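Observations on chain architecture
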Amino acid sequence: MSPVLQTQTTRDALVAEIRAQILGGDLAPGTPLTETGLAAMFDVARPTVRSALQVLTSRHLAQQSQGRSLIVPVLDHEDVRDLYFVRIPLELESVRVIVENGIPLSEAERYLEKMEQMPADASWADRVEVHSAFHVAIIDAVGSDRLSRIYSTLQDEMQLCLAQIQKSYPNPRDLATEHRKLLDELRSADLDRAQSEMRRHLERAVENYETT
């Protein structure tokens with residue numbers, strides 16, 4: 001008799017749900033993440049919550065407060081500047097390789113079309129996921145396993161940052177419009193234009209965060 005494979009554990013489902021609520025803004029920055037509170041909210045055992053919180057902490061989606069309890073991370077301006085200090089060189093170098101080698105961006109186009117087709121009432125968490133997939137597709141197009149691996153370690157913090165600047169995109173379609181312009185420039189075959197637009201795009205996120 002063949003063993004039955006469990007595709008998702010209760011812990012993994014709990015991690016996914018808490019993560020979606022954090023990225024969607026339902027769990028705001030600074031919200032306590034207590035074992036008892038989450039166990040009651042999701043009707044699961046406290047050991048399951050404890051295990052889920054360990055995963056979320058390792059992915060920078062939970063952090064210890066001064067009182068030592070876990071909370072939804074509160075990114076300050078310095079955190080965001082430091083995150084983009086690391087991120088910007090990675091994406092600018094990816095742009096250079098893509099433009100100089102004429103690498104197609106069909107996967108990025110696929111995610112952008114998905115972003116453009118999202119209904120007006122789509123959750124911000126869903127928009128954040130597709131946005132991140134778009135940028136990952138650009139990185140992955142380069143074909144460097146190590147670059148993709150390094151970039152992947154920043155994903156949850158980058159999504160957390162975007163989740164906390166939702167007010168900068170009052171029109172649900174603004175995010176897609178901004179990324180369509182970016183992709184058009186990446187396909188222009190003009191390296192200066194492509195890198196300048198990518199830099200503007202990323203620096204705009206930092207500016208948006210600092211004005212929220």
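All values derive from a computational prediction rather than experimental measurement. (Residues numbered from 1 in each chain as written. Predicted model: local features only at pLDDT ≥ 70, side-chain atom pairs only at ≥ 80, totals over all residues. Heavy atoms only, no water.)

Quick notes on the packing of helix H4 (residues 77–101) against helix H6 (residues 124–141)
How two helices pack is summed up by the angle between their axes together with the distance between the axes. The interhelical angle for the contact between H4 and H6, taken along N-to-C directions, is 55 degrees, at an axis separation of 8 Å. If you check the angle between H4 and H6, you find them oblique. Seen along the crossing, H4 lies across H6 with a hand that is left-handed. Between H4, through Arg87, Leu90, Glu91, Ser94 and Ile98, and H6, the contact on the second element is made entirely by His131, His135, Ile138, Ile139 and Ala141. Counted by class, the contact of H4 with H6 contains 5 nonpolar, 3 polar and 2 charged residues. (Axes fitted to C-alpha atoms, helices over the stretch in contact; angles between N-to-C directions. Helix = DSSP H or I, 4+ residues; strand = E, 2+ residues; numbered from the N terminus. Parallel < 35°, antiparallel > 145°, perpendicular 65-115°, else oblique. Left-handed = near helix turned anticlockwise from the far one by under 90°. Contact = heavy atoms within 4.5 Å. Nonpolar A, V, L, I, M, F, W, Y, C, P; charged D, E, K, R; others polar.)

Concerning empty space enclosed by the protein
Tallied over the entire structure, the rule returns 2 cavities of 30 Å³ or more. Taken as a whole, the largest cavity spans an internal volume of roughly 100 Å³. Lining the largest cavity are 14 residues, with Tyr84, His131, Leu162, His201 and Ala205 positioned closest to its centre. Only H4, H6, helix H8 (155–163), helix H9 (174–186) and helix H10 (191–211) provide two or more residues apiece to the lining of the largest cavity. When its volume is computed, the second largest cavity comes out at roughly 30 Å³. Surrounding the second largest cavity, Arg87, His131, Ser132, His135, Tyr151, Gln155, Met158 and Gln159 form its lining. Looking at the lining of the second largest cavity, the elements with two or more residues in it are H6 and H8. (1 Å grid on protein atoms, 1.4 Å probe; cavity = no way out; pocket = protein on both sides within 12 Å on 5 of 7 lines; lining within 4 Å. Points joined across faces, edges and corners; volume = space filled by probe spheres on them.)

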